[in-house]
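Geometric and topological summary
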Amino acid sequence: QVQLVESGGGVVQAGGSLRLSCAVSGRTFNTYVMGWFRQAPGTEREFVAVISWNGVSTQYTDSVKGRFTISRDNGKNTVYLEMNNLKPEDTAVYYCAADRSYGAVVRGDRNLELWGQGTQVTVSS
């Protein structure tokens, strides 16, 4: 059974950093496009970042450009989200997702193939 398991969330002060990890088990990780999404209370889930299967292509939502970096280690079946200069508006539950389609991940399609359970990130001012 395929599982995506996020870790690395927590509470941090504004301006601080966190690194989220998403470990994938059960299938061939390097065939999947991987993405990070987030959902704050009372809001829709939003796309944060995506990385292609080989790590060559990445894309970010405008609000995190220059602060967040997505990367992957296909040898460890893990995708990462390095978050720097965190702001209170970054507070949300962060989810990783996997799909074969880069475009579907960028669009945040609801029927992406795999989703993790989420990890809470709280940024205090």
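To keep things clear, this report deals only with the structure shown in the data block. (Residues numbered from 1 in each chain as written. Predicted model: local features only at pLDDT ≥ 70, side-chain atom pairs only at ≥ 80, totals over all residues. Heavy atoms only, no water.)

Here we come to the pattern of salt bridges. For side chains of opposite charge, pairing can occur when their charged atoms come near one another. As enumerated under the stated definition, the model contains seven salt bridges in all. Between R110 and E44 there is a salt bridge, with its nearest N and O atoms 3.2 Å apart. Taken as a pair, R110 in the loop between α1 (102-107) and β10 (114-115) and E44 in the loop between β4 (33-39) and β5 (46-51) lie far apart in primary sequence, 66 residues in all. Judged by relative accessible area, which is 59%, E44 ranks as exposed. The salt bridge involving D62 is made with K65; its shortest N-O contact spans 2.9 Å. On the basis of relative accessible area, D62 is assigned to the exposed category, the value being 59%. Here K65 falls in the partly exposed class, since its relative accessible area comes to 49%. (Salt bridge = Lys/Arg side-chain N within 4 Å of Asp/Glu carboxyl O. Helix = DSSP H or I, 4+ residues; strand = E, 2+ residues; numbered from the N terminus. Buried < 20%, exposed > 50% of the residue type's maximum accessible area, 1.4 Å probe, protein only.)

A few words now on the pairing of strand β9 (residues 92-99). Of all the eight residues making up β9, seven are buried; the element is thus mostly covered by neighbouring parts of the structure. Of the pairings in the sheet, the one linking β4 to β9 comprises seven bridges and is antiparallel in character. Paired with M34 across the strands is A98, a residue of β9. Here β9 pairs with strand β11 (residues 119-124) via three bridges, running antiparallel. Paired with A92 across the two strands is V121, which belongs to β11. Strand direction decides the pairing type here: β9 and β10, joined by two bridges, are antiparallel. Bridging across to β10, A97 finds its partner in W115. (Pairing = 2+ DSSP bridges.)

What follows is about the packing of aromatic side chains. Going through the model one piece at a time under the given rule, you end up with two aromatic pairs. Consider the rings of F37 and F47, whose centres lie 5.9 Å apart with planes at 70 degrees: the pair is edge-to-face. Of this pair, F37 sits in strand β4 while F47 sits in strand β5, and the two are 10 residues apart along the sequence. Since its relative accessible area comes to 2%, F37 is described here as buried. Ring centres 5.0 Å apart and planes at 55 degrees place the aromatic pair F37 and W115 in the tilted group. Taken together, the positions of F37 in strand β4 and W115 in strand β10 put the pair 78 residues apart, joining distant regions of the chain. The positively charged end of R45 is found above the aromatic ring belonging to Y95, 5.8 Å away from the centroid. (Phe/Tyr/Trp six-rings, centres within 6.5 Å; stacked < 30°, edge-to-face > 60°. Lys NZ or Arg CZ within 6 Å of the ring centre and 35° of its normal.)

Attention now moves to the nonpolar core. Ranked by internal contacts, the top residues of the largest apolar core, which has 29 residues, are L4, M34, W36, L81, M83 and Y94. Listing elements by their share of this core, those giving two or more residues are β3 (18-25), β4, β5, β7 (68-73), β8 (78-83), β9 and β11. Apart from the residues within four sequence positions on either side, L4 is in contact with C22, A23, V24, M34, C96, A97, A98, L114, W115, G116 and Q117. Membership of the second largest hydrophobic core comes to eight residues, among which are V33, F47, V50 and A104. (Core = buried A, V, L, I, M, F, W, Y, C linked by side-chain atoms within 4.5 Å. Contact = heavy atoms within 4.5 Å.)

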